[in-house]
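Residues per chain, in single letters:
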Amino acid sequence: MTQSTALPAPPPPVSGPPSGDPRTSRVVLSRFLRHRLAVASLVVLVLLAVCCFGAAWIAPFPRNAQNLLAASQPPSGAHWLGTDSLGRDYLSEMLYAGQLSLAIGLGVALLATLVGTAAGAVAGYLGGWPDEVIMRVADLFLIVPPVAVLAVSLQGLGPSPLTIVVVLSGLGWTLIARVVRSRVIQLRHQEFVEAARVIGASGPRIVVRHLLPNLTGLIVVNVSLSVASAIILESTVSFLGYGVQPPKSSWGNMLTQAAGLIGTSQSYLLYVPGLAILVTVLAVNFLGDGLRDALDPQGRQ
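This report concerns the structure included in the present document. (Residues numbered from 1 in each chain as written. Predicted model: local features only at pLDDT ≥ 70, side-chain atom pairs only at ≥ 80, totals over all residues. Heavy atoms only, no water.)

Observations concerning the packing of helix α4 (residues 90-126) against helix α10 (residues 216-239)
- Packing of α4 against α10 brings their axes to within 8 Å, and their N-to-C directions diverge by 135°. It follows from the interaxial angle that α4 and α10 lie oblique. As α4 packs across α10, the resulting crossing turns out to be right-handed. Mapping the contact onto sequence places S101, L102, I104, G105, L106, V108, A109, T113 and T117 in α4 and I219, N222, V223, S226, V227, A230, I231 and E234 in α10.
- Per-class residue counts for the contact of α4 with α10 are 10 nonpolar, six polar and one charged. (Axes fitted to C-alpha atoms, helices over the stretch in contact; angles between N-to-C directions. Helix = DSSP H or I, 4+ residues; strand = E, 2+ residues; numbered from the N terminus. Parallel < 35°, antiparallel > 145°, perpendicular 65-115°, else oblique. Left-handed = near helix turned anticlockwise from the far one by under 90°. Contact = heavy atoms within 4.5 Å. Nonpolar A, V, L, I, M, F, W, Y, C, P; charged D, E, K, R; others polar.)

Section: the packing of aromatic side chains
- As enumerated under the stated definition, the model contains one aromatic pair in all.
- Measuring from centroid to centroid gives 5.9 Å for F141 and W173, while their planes differ by 65°, and the two rings are edge-to-face. Placement of F141 in helix α5 (residues 128-142) and of W173 in helix α7 (residues 161-187) is noted, with a sequence separation of 32 residues between them.
- Judged by its relative accessible area of 30%, F141 is partly exposed.
- You can call W173 buried: its relative accessible area is 9%. (Phe/Tyr/Trp six-rings, centres within 6.5 Å; stacked < 30°, edge-to-face > 60°. Buried < 20%, exposed > 50% of the residue type's maximum accessible area, 1.4 Å probe, protein only.)

The structure is reproduced here in structure tokens:
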């Protein structure tokens, strides 16, 4: 008579208690709150998002409201950041431009992360020729200069925000795909994956239910980095004159419009959108670091 042996139970995710355990949220929140820069960055980003996306109610003047009699005025009680050469309130224009810059950053981050995570998970789990094909395509995209491709695409397809999001997402999925693939290769032969495979779990179920939860920290960090890089790239092509065109505005083309004011009394109009980009990028990066440490404390090592 043979003695039956029980299959080993799948261990909990590497980053803490099982995902269904209510302790998980408390542990993650506690770790995150200990990261003071991340908490401060979250507050800054929430304020930016509220002010920009609520500009219709917060901005002191409507979008593109021109008053040539009040053109090029310095900061005052009526215009906190002064006015531009067309008499538009600069604070209002900054808030409305922030809508587009933040929307592009978030759109690129979500789309690129979705595509890259799916591609990396498939490549890492299946291996073989699917892995080779996906990784060679990723290598091809990695050697493409993003600013040049984006500028050419905007010239050919039109300078619309949708074009920017699609092109930057098409170029930006490769990094997260390589990171996810590497981590999936490490995990796919772990005992909890083998146990799930033995009891009949399908490949997609194993990837979604057992592998991806262990990649949460990596994915969150990639989202934050993608938001920052997308805002910078959009600002770069807009500053070069290929990006968003008036009457639409972003922080990037506000830099372009104020570039000729260097050395004049209104040179601060160049620094304001530049400071907004800098603060947003730093806050997003610090927030990503805090979330990584909270969701995957082993990532510090």
